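Report on the structure
Now for the letters of each chain:
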Amino acid sequence: MAEPSSILIEDAIIVTMDPRRRVIEGGHILVEGGKISEIGGPGSKPRRKAEQRISAKGMTVIPGLIDTHVHLAQSLLRGCADDLSLVDWLKKRVWPIQGSFTREDGKVSAELSMLEMIKSGTTSFVAVDVVARYGFEGIANAVVEAGMRGALAKTVMDSPGYGRKGGIMPAGLVEKKEECVREAKSMIRKWNRVKGGRVRTWVAPRSLGGCTRELYEEVAELAREQGARVTMHLAEVREDVRYAKQNFGLTPFEFIEKVGLAGPRSLFAHMVWLSDSDVGMVGRTRSNVAHCPSSNLKLASGIPKVPEMLEAGANVGLGCDGAPCNNSYDMIREMKLAAVIQKARLLDPRTMPAPKVLEMATLRGARAMGMESEVGSIEAGKKADLVLIDLKKPHLVPYRDIVSNVVYSAMGSDVDTVIVDGKLLLRGGKALTLDEERIVGDAQKRQDELIARSGVRA
Ligand SMILES: [Zn+2]
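All figures in this text were calculated on a predicted structure; none of them were measured in a lab.

Parameters and conventions
Throughout, residues of each chain are indexed from 1 in the direction in which the sequence is written. Where totals are concerned, whole chains, interfaces and linings use all residues; where local detail is concerned, this predicted model gives features only for residues with pLDDT of at least 70, and gives and counts side-chain atom pairs only at 80 or more. Note that the side-chain values use all heavy atoms of the structure and ignore hydrogens as well as water. Note on conventions: DSSP H or I runs of at least 4 residues are helices, E runs of at least 2 residues are strands, and numbering of each starts at the N terminus. We compute the radius of gyration from the C-alpha atoms alone; for a globule the expected value is 2.2 Å times N to the 0.38, where N is the number of residues. Note on contacts: a residue pair qualifies if any of its non-hydrogen atoms lie within 4.5 Å across the two residues. Each accessible area is a Shrake-Rupley estimate made with a 1.4 Å probe; only the visible protein chains count as cover when residues are assessed. Lys and Arg are tallied as positive, Asp and Glu as negative. Neither His nor the chain termini are counted. To locate a charge, take NZ of a lysine, CZ of an arginine, CG of an aspartate or CD of a glutamate. Here an axis means a line fitted to C-alpha atoms, over the contact stretch when the element is a helix, while the angle between two N-to-C directions is reported on a 0 to 180 degree scale. Note on angle classes: values under 35 degrees are labelled roughly parallel, values over 145 roughly antiparallel, values of 65 to 115 roughly perpendicular, and the remainder oblique. Left-handed describes a crossing whose near helix is turned anticlockwise from the far helix through less than a right angle; right-handed describes the clockwise counterpart. Polar here means any residue other than Ala, Val, Leu, Ile, Met, Phe, Trp, Tyr, Cys and Pro, which are nonpolar, and Asp, Glu, Lys and Arg, which are charged; Gly is therefore polar. Distances define the donors: N, O and S atoms within 2.8 Å of the metal qualify, as do those within 3.2 Å of Na, K or Ca. Water is excluded, so some sites may look unfinished. In these descriptions, tetrahedral denotes four donors with every angle between 85 and 135 degrees, square planar four donors and octahedral six donors with opposite donors over 155 degrees apart and the rest between 65 and 115, and irregular any other case. Aromatic pairs are defined between Phe, Tyr and Trp rings, using the six-membered ring for Trp, whenever the two ring centres lie within 6.5 Å; interplanar angles under 30 degrees are classed as stacked, those over 60 as edge-to-face, and all others as tilted. Working definition: with a 1.4 Å probe on protein chains only, accessible area under 20% of the residue-type maximum means buried, over 50% means exposed, and in between means partly exposed. Here, strands pair whenever DSSP counts at least two bridges between them. What qualifies as a polar contact is a pair of N or O atoms within 3.5 Å, subject to a donor-acceptor requirement within protein and to the restriction that residues adjacent in sequence count only when both atoms come from side chains. Think of a salt bridge as a Lys or Arg side-chain nitrogen and an Asp or Glu carboxyl oxygen that are within 4 Å of each other.

**Digging into the overall build of the protein chain**
- When its secondary structure is counted, the protein chain shows 15 helices and 17 strands.
- Here the protein chain has a C-alpha radius of gyration of 21 Å; the compact-globule value for 458 residues is 23 Å, and the two agree.
- Seen through its principal axes, the protein chain has C-alpha atoms that stretch 70 × 45 × 45 Å.
- Counting contacts in the protein chain only where the partners sit at least 6 residues apart, residues at least 24 apart contribute 74% of the total.
- For the protein chain, the accessible surface area stands at approximately 17900 Å², while carbon and sulfur atoms represent 50% of it.
- In the protein chain, 66 side chains carry a positive charge and 58 a negative one; their mean positions are 2 Å apart.

Here it is in structure tokens:
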């Protein structure tokens, strides 16, 4: 379909997330040239006519949600690895199946993940662990075609044994250091120079044990040289602390700080097992954290000290992680969990209020991606990444505070319209850039074939 160059959204309840956290009832948003050009209150008329008008009566408009930790290759593994301990989960299911991916599987899995994300209001994401066998290029092109904003973090590794002899990672996922570093560099050169591009290449060192100390130092150097950002899993399970203590005499975060990877250009997923001194250091270094509540609960990893990290000055965003550990890519559901689990952990219902959680899913996610001046809130001059949620549902009425209904009552399936860079990706709940029928129709057969090829009995 031909894309309108300007869109006027009318009669909306606009949750701006601007510095004053204004909520404008009955307002309009004018989108021109991919950006928000005007926001008006009730009764005010837009300065210009738009090519397309969208009535948002009975809907709320929120900034596009930002998923700071997602595995694009895992939606095809949905339902394959439930109710297992982390080691069995990884070694007996997730790794062998992922190690049997073809490039076509990599692309289709990315499409399925993006389809689910778009349909539940996510506009930007950080995809971790994009390994060579999934086909980085094919996935990057799929992101361009889907119309989302995606940071693809190329995996680098040089220690498939995770510190043990013999290796625990299946051959299909092992990459030679020279090859993965070369691919990371070449993808950084290719994608990060596209001005205004929606795809960016990051670097993802495998979790502690998957890389030697030398490689972590090399990644820190490479990130500095190329201006690339870094993301990795860290301190996810208690075993990570034991490993770091045994091998480096440090906590996982102390080690990461030592090799030069702590800081505002790095994003660490999970961070469940931190000492109080680690929490202070995460804050002082202004590091970014991807909090993945569903994953931490389902894999029984533990509950991270999110309010404490925020208090210390760290930037914490939210992530859905992957289908084997969540099992969905719905950021709206993730927001509710992020709010309620901390209340139970701290026995304090006042902690993690709804506005703070929405901030994590929008503004803080934008900061974790280094895009806080471009996305994350509805303000004139920012990119038009917008999500319309239909409130005409029994579980969404009545409301007094719309942010509360979005965080505590809404579901991803309430999303009606999604706009990224001023382009419509979803309208009336229908995907416009991805072929939903093909992708959904293909998923079962593809999973069956993958499992048969991997030899896993799931
Ligand atoms: Zn993960």
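Right, picking up where we left off after that structure.
**So, the packing of helix H11 (residues 331–346) against helix H12 (residues 354–361)**
- In the contact formed by H11 and H12, the axes pass within 9 Å of each other and the chain directions differ by 135°. In terms of axis orientation, H11 runs oblique to H12. Both H11 and H12 take part in a crossing whose hand is right-handed. Of the residues in H12, those touching H11 at Met 331, Met 335, Ala 338 and Ala 339 are Val 357, Leu 358 and Ala 361.
- Taken together, the residues that form the contact of H11 with H12 break down as seven nonpolar, no polar and no charged.

**Section: the coordination of the zinc ion**
- Looking at the zinc ion, the protein donor atoms are His 69 (NE2), His 71 (NE2), His 233 (NE2) and Asp 321 (OD), and they sit 2.1 to 2.3 Å from it.
- Viewed at the metal, the four donor atoms of the zinc ion are separated by angles of 87 to 175°, and the geometry they form is irregular.

**So, the packing of aromatic side chains**
- Counted by the stated rule, this structure contains five aromatic pairs.
- An angle of 75° between the planes, with centres 6.1 Å apart, marks the rings of Tyr 243 and Phe 248 as edge-to-face.
- Overall, the relative accessible area of 15% leaves Tyr 243 in the buried class.
- Seen from their ring centres, Phe 253 and Phe 268 are 5.6 Å apart, and the 85° between their planes marks the pair as edge-to-face. You can see Phe 253 sitting in helix H7 (residues 252–258) and its partner Phe 268 sitting in strand E11 (residues 266–270), a full 15 residues away along the chain.
- The class for Phe 253 is buried, based on a relative accessible area of 0%.
- Overall, Phe 268 belongs to the buried group, its relative accessible area being 1%.

**Side note on the pairing of strand E13 (residues 315–318)**
- Where burial is concerned, the two faces of E13 agree: the one with Asn 315 and Gly 317 and the one with Val 316 and Leu 318 are both buried.
- Bridge count between strand E12 (residues 288–291) and E13: four bridges; the pairing is parallel. If you follow His 291 over to E13, its bridge partner there is Leu 318.

**Comments concerning the pairing of strand E6 (residues 65–70)**
- Burial analysis of E6 places six of its six residues in the buried class, the great majority of the element.
- Of the strand pairs in this sheet, E6 and strand E7 (residues 122–130) are connected by four bridges, and their pairing is parallel. Residue pairing in the sheet places Val 70 in a bridge with Ala 127 of E7.

**Some details on the environment of Arg 47**
- Examined against the element boundaries, Arg 47 turns out to sit in the loop between strand E3 (35–40) and strand E4 (52–55).
- Assessed through its relative accessible area of 59%, Arg 47 is described here as exposed.
- It is 45 Å that separates the C-alpha atoms of Arg 47 and Asn 326, two residues lying 279 residues apart in sequence.
- Not counting residues within four places of it along the chain, the set of residues in contact with Arg 47 comprises Ser 37 and Glu 38.
- In this structure the side chain of Arg 47 is engaged in a polar contact, spanning 3.4 Å, whose partner is the backbone oxygen of Ser 37.
- Side chain to side chain, Arg 47 and Glu 38 meet in a polar contact 3.1 Å long.

**Quick notes on the pattern of salt bridges**
- Taken as a whole and judged by the stated rule, the model has 36 salt bridges.
- Salt-bridge contacts for Asp 105 lead to Arg 446; the nearest nitrogen and oxygen are separated by 3.0 Å. Here the residue Asp 105 occupies a position in helix H2 (residues 103–119), and Arg 446 occupies one in helix H15 (residues 436–454), the gap between them amounting to 341 residues. This pair shows no difference in class: Asp 105 is buried, exactly as Arg 446 is.
- Between Arg 333 and Asp 330 there is a salt bridge, with the nearest N and O atoms lying 3.5 Å from each other.
- For Asp 330, a relative accessible area of 7% corresponds to the buried category.
- A single network of salt bridges, built from pairs that share partners, joins Asp 105, Asp 442, Arg 446 and Arg 453.

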